[in-house]
Amino acid sequence: MTAPRAIAALFAASALLLAADASGEPIVSTWDVSGPDETVAVAAASLSGWYATADTFEDAVDVRDIRGQLLRTVTRAQITSLLPWMSLDGGPDGPSALAWTDSGRLLFILVHDDTTPGDGLGSDSVLRYDVSTDALTVFLRTELHNSGATHPHLAMLHTHGRLYVGSTANGLRVYRAQRNDTSGAILGTAGPGGGAPIHGLALDRALGKLYAATNEGFYRADIAQVPPVFTRVGNLSGARGIAHTDHFGNDSTRGVYIATDDRRVLHATDLQALGFQAWAPTEYLDAGQEVHDVAATACGRLLVATDEDALLIGDTLDPRLDFDEWLEDEFMQAVTFAKGLVSPDGEPPGWVIDADVAAGGTRFHPATPDAAAWAVLLLLMSDHLYADPQAEPLVAQILERYAGLASDGIGPSVSADGQIRHWIDPATGGAQGSWDPEFATLSTMHIVLAAARARAYYPANPAIREAADAIIGRVTHWDDYIQPGTDALYYRAQPGGGPQPNTAASPFHEGIIFVEQAATFGDSQDAYDHWLDRSLLPSASYLSGQPITSGSAGSYQAAFVSLYPALVQRAYRDSTAWRAQLTNLLASNGAWTDDNAPALMTVFSAGTTAPQWGGYHADSLGSHPGDVTSFPALMAFAATGQTAPAVGAYHAYRHGARELFDTGASLLFRRSNELASYSPPDAGLPDVALGALGLAEIIEPGSIDLVLARAYTEPCPADLAEPFGSLDFSDVVAFLVAFGSQGPSADLAPPLGVWDFSDVIAFLTAFAGGCDIP
């Protein structure tokens with residue numbers, strides 16, 4: 001939204017609220033701070049779920065997530081090891097201001113003391129804590145406050161790759177603080193109020209306004225001006241910290257919040273801060289104790305520093321779901337999206353259409369095995385989390401269709417060695433019109449993955465077992481699709497079998513799922529070991545010292561490439577090296593966010609874009625026309641157990657970023673930082689599902705390993721009758737019945753499609769050997 005449109009919207013909202021009862025009440029809870037404390041500074045990442053408090057009693061800084069889980073404490077000993085001239089004690093010296101970058105990748109900690117260092121440099125410092133690497137370093141030395149006997153109530157702010165540092169000694173200083181800057185280079189100085197001590201800094205992101213508070217006034221500047229040129233807005237005395245929020249409560253409670261020296265938190269409307277209304281802040285909260293600082297959070301609350309612990313404040317007027325409610329709702333919206341694409345327009349039952357369109361549009365995508373696979377995985381997780389009564393019958397219906405076992409006889413066309421067609425005409429199972437008629441290994445791996453996971457989750461369902469065994473069993477010659485010497489994976493298959501030449505792509509990419517399957521059902525363990533070894537694979541580095549594994553040296557991939565295996569492959573999830581990959585990938589996308597100050601937390605991944613940006617595009621750190629953020633990719637990082645990325649998505653929900661689709665699902669998909677009005681006309685089910693499955697891990701920890709990231713087991717061709725998991729005479733009878741009717745469960749040996757004595761021998765051999773019963 002442009003600044004004039006945003007201001008017009010503010011006037012319109014103000015008019016409506018003047019005509020209505022807009023009185024809200026604060027909802028106050030305690031935010032824990034470790035140990036005895038006098039919390040003098042707080043900060044919260046603007047677009048993500050990181051929170052920090054600074055305690056001068058112990059000279060310590062706590063870093064916590066949205067649920068209050070302590071993730072790191074920066075201690076006095078760690079601070080003084082970096083700043084050895086300081087003599088910190090239980091008094092007002094020590095950490096006195098905090099600033100997060102938007103993504104929460106970096107936390108800047110301002111530390112003051114009155115001890116002379118003796119090296120000719122400043123006695124005060126700003127430390128730089130990198131969450132992704134757990135590294136604490138000195139970012140700059142300067143003079144900030146000349147007394148260790150009083151709380152200075154200083155201020156810092158990071159935005160647009162710049163760190164703004166307020167002081168009592170030198171007014172406001174602006175430093176360059178971009179993604180790979182480990183020390184601060186001065187960009188300019190500014191002095192609102194004639195160089196008066198600065199006790200608060202805040203940003204109105206939508207309007208690009210920088211606000212500052214001094215001992216005597218409140219000031220405004222354009223954030224694009226470096227150094228800023230301030231305009232005085234009005235009188236203000238006793239300010240100790242300020243925050244700006246555009247999603248706290250409702251439109252009547254948005255604006256600027258001011259922590260004061262008389263134990264209060266004041267509220268000034270946006271129109272007051274912008275000079276369109278008379279400057280007249282009103283009391284929002286009497287805290288009943290000393291108030292030292294205030295910060296606005298990505299989750300729509302205020303974090304307030306007080307003498308004892310800190311306070312977290314919401315408002316009764318907030319109409320939105322809270323974080324945990326939203327988690328469950330966002331997951332179920334994705335399930336609704338998936339269910340709504342199972343034969344939505346009269347197709348034979350069980351086909352899953354690849355994508356939905358925005359509400360009111362006309363669906364046009366064919367069916368795909370990829371969409372079917374992700375629908376199955378969502379249904380399994382929905383059953384696991386919520387005992388979804390629709391899940392099991394829908395999974396059976398989908399797998400029967402893609403196994404070719406549906407009663408109408410329509411199934412997907414496959415190559416001679418079982419590689420499935422990607423774009424499928426639901427009426428025939430063959431190629432869909434003008435769509436690419438390819439037989440695709442990446443599609444094959446998806447449907448095999450879904451079949452295997454469904455078979456393991458529903459071991460007693462005979463329809464699911466039979467369909468899963470048929471899907472997995474029809475794929476042969478697995479090893480032929482991995483190129484000797486390079487271990488590259490062929491993307492396409494020839495109709496008559498074997499890979500299509502010149503379609504091989506070297507590791508690393510999402511085909512690691514296929515390679516694991518080839519190691520299980522074929523003889524490609526060495527290739528899988530190659531794909532799992534990050535040290536053997538090419539990479540690129542957006543952040544110094546934090547390489548991202550990729551398909552070729554110096555290039556970047558869409559985020560989903562690394563997120564798919566994080567959802568479904570145990571060896572990948574358990575690997576320290578691949579966990580570092582996810583950390584580095586999230587941190588690198590966070591670094592882009594921090595340097596470019598988009599409206600919403602940004603992760604680049606594949607999906608629909610506008611025609612002027614090339615249509616469907618595999619966005620990455622190296623190529624992202626339109627600067628489109630993928631919220632499913634952002635949410636998928638929650639598969640690591642971190643809540644912070646999910647809070648980034650929740651922040652987008654709070655800003656109205658959901659989109660309504662024709663299935664009735666309203667969910668987060670993609671939004672552009674370049675063109676705020678852009679709304680994708682369609683959304684692919686595989687592109688949507690990964691986000692919801694990532695959220696499942698923080699809805700119920702352990703869910704991904706239990707439901708999705710399991711080992712493959714080869715189907716036992718002799719285990720054909722209940723009770724499954726044991727071999728007895730009922731399995732012999734089941735085989736004979738299937739053999740007599742030329743059923744697929746008795747077609748156990750080549751040539752497939754012919755029922756002869758070789759099938760009998762295959763059954764008896766498996767029965768006598770006992771199989772490897774899952």
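Calculation criteria
- Residues numbered from 1 in each chain as written.
- Predicted model: local features only at pLDDT ≥ 70, side-chain atom pairs only at ≥ 80, totals over all residues.
- Heavy atoms only, no water.
- Helix = DSSP H or I, 4+ residues; strand = E, 2+ residues; numbered from the N terminus.
- Polar contact = N/O pair within 3.5 Å; in protein donor to acceptor, adjacent residues only side chain to side chain.
- Contact = heavy atoms within 4.5 Å.
- Phe/Tyr/Trp six-rings, centres within 6.5 Å; stacked < 30°, edge-to-face > 60°.
- Lys NZ or Arg CZ within 6 Å of the ring centre and 35° of its normal.
- Pairing = 2+ DSSP bridges.
- Axes fitted to C-alpha atoms, helices over the stretch in contact; angles between N-to-C directions.
- Parallel < 35°, antiparallel > 145°, perpendicular 65-115°, else oblique.
- Nonpolar A, V, L, I, M, F, W, Y, C, P; charged D, E, K, R; others polar.

Participant: For this particular structure, what's the right way to read the side chain of His 247?
Facilitator: Structurally, the position occupied by His 247 is in the loop between strand 18 (239-245) and strand 19 (255-260). A polar side-chain atom of His 247 sits 3.5 Å from the main-chain carbonyl oxygen of Thr 297. Every residue in contact with His 247, bar those within four places of it in the chain, is listed here: Thr 297, Ala 298, Cys 299, Gly 300, Arg 320, His 651, Arg 654 and His 655.

Participant: Looking at this model, I keep getting lost on the packing of aromatic side chains. Mind explaining?
Facilitator: Any aromatic ring pair is given by two values, namely how distant the centres are and how the planes are angled relative to each other. Across all of its chains, the model carries 33 aromatic pairs by this definition. The ring of Tyr 712 is capped by Arg 453, whose NZ or CZ atom sits 4.4 Å from the centre of that ring. When the ring centre of Trp 578 is taken as origin, the NZ or CZ atom of Arg 534, which lies over that ring, is 5.6 Å away.

Participant: Sorry if this is basic, but what is going on with the sheet that holds strand 2 (residues 39-44) here?
Facilitator: Hydrogen bonds between backbone atoms are what pair the strands of a sheet, whose relative direction is either parallel or antiparallel. An order of 2-3-4-5 is seen for the four strands of this open sheet, with the pairing classed as antiparallel. Edge strands, defined here as strands with exactly one partner in the open sheet, are strand 2 and strand 5 (70-74). Geometrically, the sheet is characterised by an average inter-axis angle of 15 degrees between neighbouring strands, direction not taken into account. Both strand 4 (residues 60-64) and strand 5 contribute to a ladder of four bridges, which runs antiparallel.

Participant: Just checking my understanding: could you explain the packing of helix 5 (residues 323-339) against helix 16 (residues 644-654) for this structure?
Facilitator: What describes two packed helices is the angle between their axes and the distance between those same axes. Across the interface, helix 5 lies against helix 16 with an axial gap of 11 Å and an inter-helix angle of 90 degrees. It follows that helix 5 is roughly perpendicular to helix 16 by the angle criterion. Contacts between helix 5 and helix 16 pair Phe 323, Trp 326 and Leu 327 from the former with Ala 646, Val 647, Ala 649, Tyr 650 and Tyr 653 from the latter. Taken together, the residues that form the contact of helix 5 with helix 16 break down as eight nonpolar, no polar and no charged.

Participant: Which parts of the structure should I look at to understand the sheet that holds strand 19?
Facilitator: With antiparallel pairing, four strands are arranged side by side in an open sheet as 18-19-20-21. In this open sheet, the two strands that pair with only one neighbour each are strand 18 and strand 21 (282-286). Across the sheet, the mean angle separating the axes of adjacent strands is 25 degrees when strand polarity is ignored. Where strand 18 lies against strand 19, six bridges are found, and the strand directions are antiparallel.

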